[in-house]
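# A structural walkthrough
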Amino acid sequence: MKPFALTPDMLSTLGKTFYPTGHALLMFRDAEAARAAAEALAQGGVASDDIAFVPAEAITGPIGATASEADDPLPSPGTEGATVRAYVRLAREGHAGLLVRTEDDEDAERIRSLLRENPFVMGQRYRALVIEDL
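All values derive from a computational prediction rather than experimental measurement.

## Observations regarding the overall build of the chain
A tally of regular secondary structure across the chain gives four helices and six strands. Ordered by position in the sequence, the α and β elements of the chain form the string β-β-α-β-α-α-β-α-β-β. Viewed in the frame of its principal axes, the chain has a C-alpha envelope of about 45 × 30 × 20 Å. Within the chain, buried positions represent 46% of all 134 residues. Summarising the internal contacts of the chain: among those between residues at least 6 apart in sequence, 76% fall at separations of at least 24. Taken as a whole, the chain presents about 7,100 Å² of accessible surface, with 51% of it coming from carbon and sulfur. Across the chain, the mean location of the 13 positive side-chain charges is 1 Å away from that of the 21 negative side-chain charges.

## With respect to the pairing of strand 2 (residues 23-28)
In terms of burial, strand 2 is largely enclosed, as six of its six residues are buried. Neither face of strand 2 is left uncovered, since the one carrying His23, Leu25 and Met27 and the one carrying Ala24, Leu26 and Phe28 both have all their residues buried. Two strands pair when backbone bridges link them, and strand 2 and strand 4 (residues 96-101) are joined in this way by six bridges, in the antiparallel orientation. Opposite phenylalanine 28, over in strand 4, you have alanine 96 as the bridge partner. In the sheet, strand 2 pairs with strand 5 (residues 122-127) via five bridges, with the strands oriented antiparallel. Each bridged residue has a counterpart across the sheet, and for methionine 27 the counterpart in strand 5 is methionine 122.

## A short note on the nonpolar core
Grouped together as the largest cluster of nonpolar side chains are 23 residues, with contacts concentrated most on Phe4, Phe18, Val54, Ile59, Tyr87 and Leu99. When residues of this core are traced back to their parent elements, those giving at least two are strand 2, strand 3 (51-54), helix 2 (56-65), helix 3 (80-92) and strand 5. A total of six residues in this core trace back to one element, the largest contributor, which is helix 3. Beyond its immediate chain neighbours, meaning those up to four positions away, phenylalanine 18 contacts Phe4, Leu6, Met10, Leu11, Leu25, Ile63, Thr66, Glu80, Val84, Tyr87, Leu99 and Tyr126. Core analysis: the next-biggest nonpolar cluster, separate from the first, contains 17 residues, Ala37, Leu41, Phe53 and Leu98 among them.

## Examining helix 3
Look at helix 3: 19 Å from first C-alpha to last across 13 residues, which is about the 18 Å you get at 1.5 Å a residue. Turning to helix 3, its buried residues are Glu80, Gly81, Thr83, Val84, Ala86, Tyr87, Val88, Leu90 and Ala91. As for helix 3, its buried residues are in contact with strand 2, helix 2, strand 5 and strand 6 (130-133). Two residues or fewer after helix 3 comes glycine 94, characterised by a positive phi angle close to 105 degrees.

The rules behind these values
Residues numbered from 1 in each chain as written. Predicted model: local features only at pLDDT ≥ 70, side-chain atom pairs only at ≥ 80, totals over all residues. Heavy atoms only, no water. Helix = DSSP H or I, 4+ residues; strand = E, 2+ residues; numbered from the N terminus. Buried < 20%, exposed > 50% of the residue type's maximum accessible area, 1.4 Å probe, protein only. Contact = heavy atoms within 4.5 Å. Areas by Shrake-Rupley, 256 points an atom, 1.4 Å probe, with all protein chains shown as cover. Lys, Arg positive; Asp, Glu negative; His and termini not counted. Charge placed at Lys NZ, Arg CZ, Asp CG, Glu CD. Pairing = 2+ DSSP bridges. Core = buried A, V, L, I, M, F, W, Y, C linked by side-chain atoms within 4.5 Å. Expected span 1.5 Å × (residues − 1).

By themselves, these figures tell us nothing about what the structure is for.
Written out as structure tokens, the structure reads:
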């Protein structure tokens, strides 16, 4: 597992809101639960470079800041701003996340299967033009 770093390719073209295409952001009740889930994913064969630990501070800080202009100059046709604001609410309650590479449906199903014993509170998979609930 690697530490999270917000990079320009994780932002939407319009509005520059957090939108890490090809990944899922999974929110857990706390950092300990997120780390346990990361271990379950690694034991299930997910490469450690495909898992990033996202502490609450990263969500309330750099990720949350991306939602400030989500509806500027016009209201966003998507839900990316509202999704980021939901992450921020959870992070303020002590939740932490994992950003996991999910290139296709098989990857998403594998994550669901591997985390049956380590359930996430909120999970969103980012595909081109679609944010999917996990």
